[in-house]
Amino acid sequence: MMHRLQLPLTCAALLAGVWPATITAQVTATTNTQSRTTTVGVPSKPVPTAAQLAAAGTDTSNWLYATHDYSGSRYAAIGQITAANAARLAPVCSFQVGDVSTFQTNPIVVDGMLLITTTQVTAALDARTCRPKWRHTWKAKGATSWPQQRGVAVKDGYVVRGTVDGHLLALDLGTGKELWSRRIADTKSGEALTMPPMIYEDMILIGPAGSENAVGGWIGAFRLATGDSLWRFRVIPAKGEPGSETWKVPPGIVVGGGALWTPMTLDPKAGLLFAATTNPSPDLAGGVREGDNLYTNSVVALDVRTGKVAWYRQLVPHDTHDWDVTQVGPLYDGTVGGKARRLMATAGKDGLLRVLDRDSHDVLFSAAVTTRENVDAPIVATGTRACPGILGGVEWNGSAFNPGTRMLYTPAVDWCTTFTLDDEIRHVPGKNYLGGDAKFDAKSSGWLTAVDAFTGAVKWKYHSPRPMVGAVTTTAGGIVMTGELTGDFVVFDGRTGKDLYRFNTGGPIGGGVATYSLGGTQYIAVMSGSPSPFWTNENPGAPTVFVFALPGR
Amino acid sequence: MSRTERHAAITVATSVMLLFAVAWRAPEPPTPALYTRAQAERGRVQYDAQCADCHGAKLEGGNSTPLAGDAFFESWSRAELSLDDFYYIVRKTMPKETPGTLTREQYIDVVAFILQQNGFPEGDTELRPDPAILKAVRIERPAPRDTSVLPTATR
């Protein structure tokens, strides 16, 4: 249709001997995914600063990154709420976002404001009263992809997020007004911006999801003030590049994968950005992509200023179960095997929590956090039941690390699947490309597993009647907080796993849990609402924020 | 008229003719009627039971991708995609937790319902899961009804 309308204009322009600039610009706008769509504005409230972000790990009044800080600790050094008093917690306020959307947002707290997202809405609330301060609604400008949205990143007054139609969007922290937007992802090819970005120095760091759609994953850096592209790392190497020899693909077969959908971590001292990459595709039909399929299902360490690979560790080579690596944190230091080390906890949909040495890149130990059965059996046309299933293991929320209890707390999904290989492997551009089927067991459940962060010993486990996909947050008060798909916000004793407090939010919880101290009171913000229809049953819920504190504080 | 002027006049006339020739296009052929109302109604029953939770009661895509309107055509109205591709994706990947568990007839009924909701005209023949038929159909926004055949009085 577009060509039919454009042709007469183009011919007329040629006959007139000119090429109208406006037509050229329109063509550019529809074909150049880097096109600017708005003018560039300047923020009114330039916080948090680079120094604040660098010190986010010890900041008690803010929650400045999706997973709290660059190391992805999911730990706040606040001790007002403890195992001794958590039973007295009570809700302080709530906020209903009011739109029909999935709700997986990781809230950010900065300067007394709580920032949340749904598919279309970005909202700022008073972090103590839940009263709205501003609200921005994005209207999609083209093809949309997956609607999941996992939150914003903030720096220097910019609030940055991805949109459902592939734009990077920057809002003013003070007013919620749009500063700029850029289309950076090709939603027609199946790219989807669902992950929370990270901001470091003047760079926004983000990549698209969409491995199931056979996109070629990438990690990109974009200038904070304008959205200009600075560098891009292709997770699937081009022919002839290092790693391309790990893909043996028959002629005519489309392959892809290695996309991103979860928060990254950063070691500012080393200048290294860590990303968890996802499965190769076609997901189940490994026969058409023999080899390890680099850099899928890997921990990838990039020079944050250039996007060049510093090192990588592939954890699930030649995957045929959609067992993404999803987590590249927390980063922490400590002694393992008698040696002081720089460590990384990493986990994924294969149901294993692993701890890596960030210098040797060796896996020092691992612990199963879900049922693991039949993991090595090949996927065949008659069906292979395996655990974790295609939506099992550690999903979009990963481990929290508590330096006091010296434990990692990991949420996970137990949901086995029968994988079946198709006779026909058919690629429909931009659409699911599995090369087979995955049928879920009728029963599913979840686990919260506490593991010694320096030995891998399992210290305690909590078994939930539903998959556990909500964020886990731990504190200097020795507590561990999370939400369940049952709707319960739950507080555990971090040392024993004892259930200290429960509150039914009325809808499933698969989003973030942030804690912060303002005016001498420790608050806990919990995101309640359907993570996506996969995870809900009779009660889908609606995007709602709940804030808790101890009464009388 | 000098020779140069005559050449110029011919050039201009040719250009104008060319311009009109290129700018003129035949009326859109009517979008073929691919399914029946009864089939779409059967599809609606399946859709409400299997699809509406994610894709929305009005196919607006509340918690998943939209199946109607601009977003649907943005996604599917492409030269390399046919109705057979759409049918393939529906039957291979849906319903999300139990893909492939409907019969082929049930899947094609759902496709008929989605076509109906996107303005494709109803007809007297049911849509069948026949690749030869489905591959020949592109998912383009249906052409508006040709009003030139209507009596003048109704205009």
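Our subject is the structure that appears above.
Here the structure is a predicted model, which is why all the values come from computation and not from measurement. (Residues numbered from 1 in each chain as written. Chains lettered and ligands numbered in written order. Predicted model: local features only at pLDDT ≥ 70, side-chain atom pairs only at ≥ 80, totals over all residues. Heavy atoms only, no water.)

Colleague: How do you make sense of helix H6 (residues 104-117) of chain B when you look at a structure like this?
Modeller: Think of an α-helix as turning once every 3.6 residues; residues three or four places apart then point the same way. Residue and element names in this part refer to chain B. End to end, H6 covers 20 Å across 14 residues, agreeing with the expected 20 Å (1.5 Å per residue, within 8%). Here H6 lies mainly inside the structure; 10 of its 14 residues are buried. Buried within H6 we find Tyr-107, Ile-108, Asp-109, Val-110, Val-111, Ala-112, Phe-113, Ile-114, Leu-115 and Gln-116. (Helix = DSSP H or I, 4+ residues; strand = E, 2+ residues; numbered from the N terminus. Expected span 1.5 Å × (residues − 1). Buried < 20%, exposed > 50% of the residue type's maximum accessible area, 1.4 Å probe, protein only.)

Colleague: Looking at this structure, I do not really get the pattern of salt bridges. What am I missing?
Modeller: For side chains of opposite charge, pairing can occur when their charged atoms come near one another. The tally for this structure, following the rule as stated, stands at 33 salt bridges over all chains. The partner of B:Lys92 in a salt bridge is A:Asp437, with the nearest N and O atoms 3.2 Å apart. Pair noted here: B:Lys92 is in helix H5 (residues 83-93) and A:Asp437 is in strand E30 (residues 436-440), and the two residues belong to different chains. Assessed through its relative accessible area of 11%, A:Asp437 is described here as buried. Three or more residues are tied together by salt bridges with common partners; here these are A:Asp267, A:Arg342, A:Arg358 and A:Asp359. (Salt bridge = Lys/Arg side-chain N within 4 Å of Asp/Glu carboxyl O.)

Colleague: How do you make sense of the packing of aromatic side chains when you look at a structure like this?
Modeller: One pair of aromatic rings is described through two measures. These are the centre distance and the angle between the planes. Residues and elements named next belong to chain A. Applying the stated criterion across every chain yields a total of 27 aromatic pairs over all chains. For the pair Phe-489 and Tyr-501, a centre-to-centre distance of 6.2 Å together with 70 degrees between the ring planes defines the contact as edge-to-face. On the criterion of sequence distance, the pair formed by Phe-489 in strand E35 (residues 488-493) and Tyr-501 in strand E36 (residues 499-504) is long-range, its members being 12 residues apart. The exposure classification of Phe-489 matches that of Tyr-501, with both residues buried. (Phe/Tyr/Trp six-rings, centres within 6.5 Å; stacked < 30°, edge-to-face > 60°.)

Colleague: Before we go on, may I ask you to explain the pairing of strand E5 (residues 121-126) of chain A in this structure?
Modeller: On any regular strand, side chains alternate: one points to one face of the sheet, the next to the other face. Residues and elements named next belong to chain A. Summarising burial for E5: five of the six residues are buried, a large majority. Judged from the five bridges that link them, strand E4 (residues 113-117) and E5 form a sheet pairing that is antiparallel. Looking at E5, one finds that Thr-117 is bridged to Thr-122. From the end of E4 to the start of E5, which pair antiparallel, there are three residues. Turn length for the E5-strand E6 (residues 132-137) hairpin, with the two strands adjacent in sequence and antiparallel, is five residues, and the turn residue Cys-130 shows positive phi of about 70 degrees. (Pairing = 2+ DSSP bridges.)

Colleague: Hey, could you run me through the environment of A:Gly430 in this one?
Modeller: Residue and element names in this part refer to chain A. The residue Gly-430 is located in the loop between strand E29 (417-421) and E30 in this model. Sequence separation of Gly-430 and Glu-191 is 239 residues, and the distance between their C-alpha atoms is 7.8 Å. Those residues in contact with Gly-430 that sit more than four places away from it in its chain are Lys-188, Ser-189, Gly-190 and Asn-213. (Contact = heavy atoms within 4.5 Å.)

Colleague: Explain the packing of helix H2 (residues 37-50) of chain B against H6(B) to me, please; I cannot follow it from the model alone.
Modeller: The description of two helices packed together rests on the angle between their axes and the distance between the axes. Residue and element names in this part refer to chain B. Taken N-terminus to C-terminus, the directions of H2 and H6 make an angle of 105 degrees; their axes are 7 Å apart at the nearest point. When the axes of H2 and H6 are compared, the pair comes out roughly perpendicular. Touching Gln-39, Ala-40, Arg-42, Gly-43, Arg-44, Gln-46 and Tyr-47 of H2 are Gln-106, Ile-108, Asp-109, Val-110, Ala-112, Phe-113, Gln-116 and Gln-117, all from H6. (Axes fitted to C-alpha atoms, helices over the stretch in contact; angles between N-to-C directions. Parallel < 35°, antiparallel > 145°, perpendicular 65-115°, else oblique.)

Colleague: Is there a simple way to think about the state of the cysteines in this case?
Modeller: Residues and elements named next belong to chain A. Inspection of the entire model under this criterion finds two disulfides over all chains. One disulfide in the model links Cys-93 with Cys-130; its S-S distance is 2.0 Å. What sets the handedness of the Cys-93 and Cys-130 disulfide is the S-S torsion sign, and at about 65 degrees it is right-handed. Separated by 37 residues along the polypeptide, Cys-93 in strand E2 (residues 90-96) and Cys-130 in the loop between E5 and E6 bring together distant segments of the chain. (Disulfide = S-S within 2.5 Å.)

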